[in-house]
Amino acid sequence: MLTLIIPARNWSQDRIDYCVRSFTELGSKWLSEFVIVDFGSAVPITAPDSTLPVRLLRLEAAVWSSAEATNAGVLVAQNSVVAKADADFIISRRSRAEFDAMAEGVANGTYGLAIGQACDLPSGVSTDEAYELISKSTKGTSTLSAQALGRLRPRWGQGGLVIFTRSRWDRIGGYESRFTGWGNEDNDFAERMRFGGAKTYWGNRSRLELFHIWHAPSVHATGVVSLRNQNQKLAKDDKSVFRRLAFRHSNFPKLATPQILSGASPLVTLAVATSARPGRDRMILEAINSFRGQIDNDFEVVVVDNGSPASDSLALEKTLAKIRWTKLRLETTDRASIPAARNAISQMARGRYTCVVDDDDIALPNRLADHMLAFRKDGNVHGSHGGWIDFDESSGIIERNQGKRRSIATLMRGTGKVTAHPACLYRTDVMRAVPYDESFQLGSDLDLALRLANNGFDVVHTGTYLTLRRFHSTNVTITGQSNQVSGGATARSRVLASFDWARIGGLEEEAKANDAEVYCRNPMSIDSLAEMIPGYTGSWRVLVPVAALRPDEGLDAELLEQLSEIIEGDLFTRRAGLNQPIYFRSVPVTGLKKGRRIKEEAEALVGVPLQLNSVRQTEIDRAIPFDWKAMNIKPGERVLRSERYSELAELLVLLSGLDPSSLLRSLLSVLSDHDEDGDCYYLVTAPLKGYDDLRQTEFELERQLKIPFRHIASNGLPNELTLSQRSH
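Residues numbered from 1 in each chain as written. Predicted model: local features only at pLDDT ≥ 70, side-chain atom pairs only at ≥ 80, totals over all residues. Heavy atoms only, no water.

A. The arrangement of the pattern of salt bridges in detail. The full count for this structure, using the stated rule, is 47 salt bridges. Of the charged contacts in the structure, one is a salt bridge between Asp-188 and Arg-243, with a shortest N-O distance of 3.3 Å. Of this pair, Asp-188 sits in helix H7 (residues 185-195) while Arg-243 is found in the loop between helix H9 (225-237) and helix H10 (252-255), placing the two residues 55 residues apart along the sequence. Pair check on accessibility: Asp-188 and Arg-243 agree, each one buried. A single network of salt bridges, built from pairs that share partners, joins Glu-176, Arg-178, Asp-188, Arg-192, Asp-238, Arg-243, Arg-248 and Arg-376. (Salt bridge = Lys/Arg side-chain N within 4 Å of Asp/Glu carboxyl O. Helix = DSSP H or I, 4+ residues; strand = E, 2+ residues; numbered from the N terminus. Buried < 20%, exposed > 50% of the residue type's maximum accessible area, 1.4 Å probe, protein only.)

Structural data, given as structure tokens:
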């Protein structure tokens, strides 16, 4: 059976009455109910008399949106086949056979969208006159008089009457409620239905007699020229097929029951394949909760626990029961297979898109919105991926990966780090058409990416970082590295077998041309990432630039002492080199949460922004030895270098014993280096030429500083300049 939806706002009651009356008198065997959606009329609409059930849905809304009103009507409709007609339409009784044929064709799947062309009546015909003329013409006389007076609408949109199934409507996300006022929402819907694979049927205009009663043009009547322009721009710019069903203008979500609201599929399914391992329950809660609030929670979560012992599955069920803010479904399977679990999710998914979520990763707040933006820019793409940021749970090391343009060339012959599976989102129909290969134990994600690219599926880059990928002791990437390498080799070999040998050279050339990383427009600083990474993660140091402790000249000893009361530390340079910036470095702090707290206390004291870096990253940055070639020591020259100091503070105290304005002080620099014993510091002079000058400077330094100096050559090794080597 069929439900006819009539959306209206501030329409005269007589037009609505005649519209319902004409469709009732049609005598269709399919039409079983009317749903009139009063979208905030100033004078509430009343339900017309009819022998068929008429349900009136009154919504409060500040602006008119035929699209949103229609979506509300579809959700409350009792039937799976739905028709939508404007309130100022009258249909002839002679149209019954064609109307029923259109409804039947949609119901049995012969076509996905049936559209009736309307005939616009001239302005001189009132509502009463129009109904009388059309009613009389159906009692044996010709309808030529009515049709001759009007103008048939062109086939460029819906035409006025459209029939579809709820499942087809749901598949593309319904009408786009961003359209307001009048215009373009029907054309947009019809175009998206066609692009989504729905075959369109236009009713036979000699057998379907549909008439539009004239009224003053809506633009002039309501003054919404700017809205019409916005609608036209939206229709032009957004070519995506699948949209998010949103009620932006009315109070429908507050009135509708949860059962009615759940009648529409969510925009996205978060696909989580998981199996038992230490810390899983903690990590999976963090993974799912990281999506909270994104795209107004218009998603469902499907978790498949594969191969876990019964006790672990029960523990997971109790953990996931804590998530009450979104729809979540948990399934368990005895087979321990990641690709099989993901295929099961693809079959269960109700979302129009499937977002790949690893059970130990964390989504950045922009993830789902940026995925959707990629589809809005190009409605023909099949998926989107983006950059990802690796973080080590134990050490806190962070590595940014921007990702690259995804193609068969870059995946097969590129230099790597093209894409990460937990930073991908695909259309659900694509995931069903191209499932994971369950013969892979690990590496099925790369195999999927290769097969999608090789078969012409377009997966575009969002131009942003999307995911925080966690590394920990039980990470599959670490524990199953050999299997992943083997799986990757198998996947590449299989794809390579589909290529002619002459094409392989072209792949390599294309890979070179497109191997650059994609710029991500949301560069994430350590401080911003620190707000998203779990508070227990890593071991950290707070870094305070000593320049912030020098208000006038010299080191502010009192401020340094106050800083030391907050946390102990020492002085160091972040990298090897000459005269590097000096930092106060805190002792290691376990956990990001504690590190952030100490950083905030120190910032309040010194009054400038400070840095937070992981202990391990600090060690990596500092562990590069000094390049002595940078000193540019020429033949016949030497530098004087002090003995080795492992504590920078001790060296600075020594240096403070020299008069800052003296010539001897101007010759000295602090050199930061790294050797087999770790970080070290020296006092060095500028390159000195001539035996006499070298000896005189050496004598003065040792006399004033009371420490020995050695002659250092261009290779950084001690090499005394003798009388025979001196320059004249």
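Back to the text.
B. Examining the packing of helix H23 (residues 557-566) against helix H24 (residues 592-606) more closely. One can describe the packing of H23 onto H24 by two numbers: an axis separation of 10 Å at closest approach and a directional angle of 160°. Classified by the angle their axes make, H23 and H24 are roughly antiparallel. Both H23 and H24 take part in a crossing whose hand is right-handed. The residues of H24 that touch H23, namely those facing Leu-559, Gln-562, Leu-563 and Ile-566, are Ile-598, Glu-601, Ala-602, Leu-605 and Val-606. Looking at the contact of H23 with H24, its residues break down into seven nonpolar, one polar and one charged. (Axes fitted to C-alpha atoms, helices over the stretch in contact; angles between N-to-C directions. Parallel < 35°, antiparallel > 145°, perpendicular 65-115°, else oblique. Left-handed = near helix turned anticlockwise from the far one by under 90°. Contact = heavy atoms within 4.5 Å. Nonpolar A, V, L, I, M, F, W, Y, C, P; charged D, E, K, R; others polar.)

C. Local environment of unusual backbone geometry. You will see that Asn-10, though not glycine, has its phi angle at about 60°, which is positive. Its place among the elements puts Asn-10 in the loop between strand E1 (2-8) and helix H1 (13-25). Residues other than glycine seldom take positive phi values, yet Asp-296 does so here, at roughly 55°. Structurally, Asp-296 is set in the loop between helix H12 (280-289) and strand E12 (299-306).

D. Local environment of the packing of aromatic side chains. The full count for this structure, using the stated rule, is 14 aromatic pairs. Note on Phe-247 and Phe-252: the rings are 4.8 Å apart at their centroids and 40° apart in plane angle, and the pair reads as tilted. Taken individually, Phe-247 and Phe-252 each receive the classification buried, so the pair is uniform in this respect. Consider the rings of Phe-572 and Tyr-583, whose centres lie 6.3 Å apart with planes at 55°: the pair is tilted. Here Phe-572, found in strand E21 (residues 569-573), pairs with Tyr-583, found in strand E23 (residues 582-586); they are 11 residues apart in sequence, far enough to count as distant. When sorted by exposure, Phe-572 lands in the same class as Tyr-583, which is buried. (Phe/Tyr/Trp six-rings, centres within 6.5 Å; stacked < 30°, edge-to-face > 60°.)

E. Representation of the side chain of Asp-621 in the model. Relative to the assigned elements, Asp-621 resides in helix H25 (residues 615-622). For the buried residue Asp-621, which engages in no salt bridge, the nearest side chain bearing the opposite charge is Arg-575, 4.1 Å off. Ignoring sequence-local partners within four residues, the contact set of Asp-621 consists of Arg-574, Arg-575 and Asn-613. (Lys, Arg positive; Asp, Glu negative; His and termini not counted.)

F. Focus on the state of the cysteines. A full pass over the atoms with the stated rule returns zero disulfides. Looking at the unpaired Cys-424, the closest cysteine sulfur is the one in Cys-355, lying at 9.0 Å. Given a relative accessible area of 1%, Cys-424 falls into the buried group. (Disulfide = S-S within 2.5 Å.)

G. Up close: the pairing of E12. Counting buried positions along E12 yields eight of eight residues, so the element is predominantly enclosed. By the alternation rule, side chains of E12 split into Phe-299, Val-301, Val-303 and Asp-305 and Glu-300, Val-302, Val-304 and Asn-306, which are all buried. Relative to E12, strand E11 (residues 268-274) runs parallel, the two sharing seven bridges. Opposite Val-268, over in E12, you have Phe-299 as the bridge partner. In this view, the connection linking E11 to its parallel neighbour E12 by way of H12 has right-handed handedness. (Pairing = 2+ DSSP bridges. Right-handed = clockwise from strand over helix to strand, strands pointing away.)

H. Highlighting the environment of Ile-398. For Ile-398, the location among the structural elements is in strand E17 (residues 398-401). Separated by 378 residues in sequence, Ile-398 and Val-20 place their C-alpha atoms 65 Å apart. When neighbours within four sequence positions are excluded, Ile-398 is seen to be in contact with Ile-389, Asp-390, Phe-391, Ile-526, Leu-529, Ile-533, Trp-540 and Gln-617.

I. Spatial organisation of the confidence of the model for the protein chain. Predicted confidence across the protein chain gives a mean pLDDT of 88, with 92% of residues reaching 70 or more. Note on residues 139-144: pLDDT is under 50 here. Beyond four places in sequence and across chains, it has seven contacts. (pLDDT = per-residue confidence, 0-100.)

J. Representation of the environment of Leu-245. Tracing the chain through its elements places Leu-245 in the loop between H9 and H10. Using a relative accessible area of 14% as the deciding quantity, one classes Leu-245 as buried. Along the chain, Leu-245 and Ala-264 lie 19 residues apart, while their C-alpha atoms are 7.8 Å from each other. Discounting residues that sit within four places of it in the chain, Leu-245 has contacts with Asn-71, Leu-75, Trp-169, Gly-173, Ala-264, Asp-298 and Arg-352.

K. Representation of helix H2 (residues 66-76) within the structure. Here H2 lies mainly inside the structure; 11 of its 11 residues are buried. Those residues of H2 that sit buried are Ser-66, Ala-67, Glu-68, Ala-69, Thr-70, Asn-71, Ala-72, Gly-73, Val-74, Leu-75 and Val-76.

L. Summary view of the nonpolar core. Ranked by internal contacts, the top residues of the largest apolar core, which has 60 residues, are Phe-164, Trp-169, Phe-252, Val-268, Leu-270, Phe-299 and Leu-368. No other element matches H2, which puts six residues into this core. Non-local contacts of Leu-270, meaning those with residues more than four positions away in its chain, are made with Phe-291, Phe-299, Glu-300, Val-301, Val-302, Cys-355, Val-357 and Leu-368. In terms of nonpolar packing, the next biggest core, distinct from the first, is built from 53 residues, Trp-540, Leu-560, Phe-584 and Leu-655 among them. (Core = buried A, V, L, I, M, F, W, Y, C linked by side-chain atoms within 4.5 Å.)

M. Representation of the pairing of strand E27 (residues 668-675) in the model. Counted residue by residue, E27 has seven buried out of eight residues, so it is predominantly covered. Summarising the sheet, strand E22 (residues 577-578) and E27 pair through two bridges and their orientation is antiparallel. Bridged to Leu-578 within E27 is Leu-671. For E27 and strand E28 (residues 678-685), the ladder comprises eight bridges, and the chain directions are antiparallel. Directly across from Asp-673, in E28, lies its bridge partner Cys-680.

N. How the structure looks around the packing of H12 against helix H13 (residues 310-320). For the pair H12 and H13, interaxial distance at closest approach is 10 Å and the crossing angle is 35°. The handedness of the crossing between H12 and H13 comes out as right-handed. Two secondary-structure elements touch here, H12 through Arg-280, Asp-281, Ile-284, Leu-285 and Ile-288 and H13 through Asp-312, Ser-313, Ala-315, Leu-316, Thr-319 and Leu-320. Partitioned by chemical class, the residues of the contact of H12 with H13 number six nonpolar, two polar and three charged.

O. Spotlight on H24. Between its first and last C-alpha atoms H24 spans 21 Å; for 15 residues at 1.5 Å apiece the expected length is 21 Å, and the two agree. Here H24 has its buried residues at Leu-592, Gly-595, Arg-596, Ile-598, Lys-599, Ala-602 and Val-606. Looking down the long axis of H24, one finds its buried residues gathered within 165° of arc, a one-sided arrangement. Away from its buried face by more than 90 degrees, H24 exposes Lys-593 and Ala-604. (Expected span 1.5 Å × (residues − 1). Arc of directions from axis to C-beta.)

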